[in-house]
Amino acid sequence: SVREVNECCRQPPHEQWVPLFKVQVFFSCVSFSIIVPSIALYLERMGAAQWVLGVAVAVYSLGEMVGSAVFGRAMTRALREDPA
């Protein structure tokens, strides 16, 4: 019956978010691969020293790490309050 098929094919709430998570990781990697090379060209144009590029990449990576943790925690709380 249709009900049995629907019950069989339903995914647990945490598995419904896996495709969205994969898309987010993909865009995170794409943004990193676009922004980091652009930062090097931008800093070179500004006449910045070579070590500034290392600091810029480190700060960008640190910001992405902290931002991912903060937004991940917010998403977890939102899903716990309203899983559907």
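Predicted model, so just to flag it, every value in this text is computed and none were measured.

Caption draft 1: Just the overall build of the protein chain, in detail. Looking only at helices and strands, the protein chain features 4 helices and 0 strands. When the helices and strands of the protein chain are listed from N to C terminus, the series reads α-α-α-α. Taken across its 84 residues, the protein chain has 5% of its residues classed as buried. On the protein chain, roughly 7,200 Å² of surface is accessible, and the fraction owed to carbon and sulfur atoms is 68%.

Caption draft 2: Region of the structure containing the packing of aromatic side chains. Scanning the model with the defined rule gives 1 aromatic pair in all. Plain terms: the ring middles of Phe26 and Phe27 are 5.3 Å apart, the flat faces sit at 70° to each other, and that makes the pair edge-to-face. Judged by relative accessible area, which is 51%, Phe27 ranks as exposed.

Caption draft 3: Inspection of a nonpolar patch on the surface at higher detail. Together, Leu62, Met65, Val66, Val70 and Phe71 make up an exposed nonpolar region whose accessible area comes to about 530 Å². On the secondary structure map, Val66 appears in helix H4 (residues 50-81). On the basis of relative accessible area, Val66 is assigned to the partly exposed category, the value being 44%.

Caption draft 4: Looking closely at helix H3 (residues 18-46). Counted at 1.5 Å a residue, the expected span for H3 with its 29 residues is 42 Å, and the 41 Å between its end C-alpha atoms agrees. Within the sequence span of H3, burial applies to Ser28, Val36, Ile39 and Leu43. Here the buried face of H3 lies against H4.

Caption draft 5: Local environment of the packing of H3 against H4. Taken N-terminus to C-terminus, the directions of H3 and H4 make an angle of 160°; their axes are 10 Å apart at the nearest point. The angle between H3 and H4 falls in the class roughly antiparallel. The two elements H3 and H4 meet at a crossing, and its hand is right-handed. Of H4, the residues touching H3 (which contributes Leu20, Ser28, Ser31, Phe32, Ile35, Val36, Ile39, Ala40 and Leu43) are Val52, Leu53, Ala56, Val57, Tyr60, Ser61, Glu64 and Met75. Along the lines of polarity and charge, the residues of the contact of H3 with H4 split into 13 nonpolar, 3 polar and 1 charged.

Reading the values: rules and limits
Residues numbered from 1 in each chain as written. Predicted model: local features only at pLDDT ≥ 70, side-chain atom pairs only at ≥ 80, totals over all residues. Heavy atoms only, no water. Helix = DSSP H or I, 4+ residues; strand = E, 2+ residues; numbered from the N terminus. Buried < 20%, exposed > 50% of the residue type's maximum accessible area, 1.4 Å probe, protein only. Areas by Shrake-Rupley, 256 points an atom, 1.4 Å probe, with all protein chains shown as cover. Phe/Tyr/Trp six-rings, centres within 6.5 Å; stacked < 30°, edge-to-face > 60°. Patch = residues over 30% accessible without salt bridge, like charges linked within 9 Å, V, L, I, M, F, W, Y side chains within 5 Å. Salt bridge = Lys/Arg side-chain N within 4 Å of Asp/Glu carboxyl O. Expected span 1.5 Å × (residues − 1). Contact = heavy atoms within 4.5 Å. Axes fitted to C-alpha atoms, helices over the stretch in contact; angles between N-to-C directions. Parallel < 35°, antiparallel > 145°, perpendicular 65-115°, else oblique. Left-handed = near helix turned anticlockwise from the far one by under 90°. Nonpolar A, V, L, I, M, F, W, Y, C, P; charged D, E, K, R; others polar.

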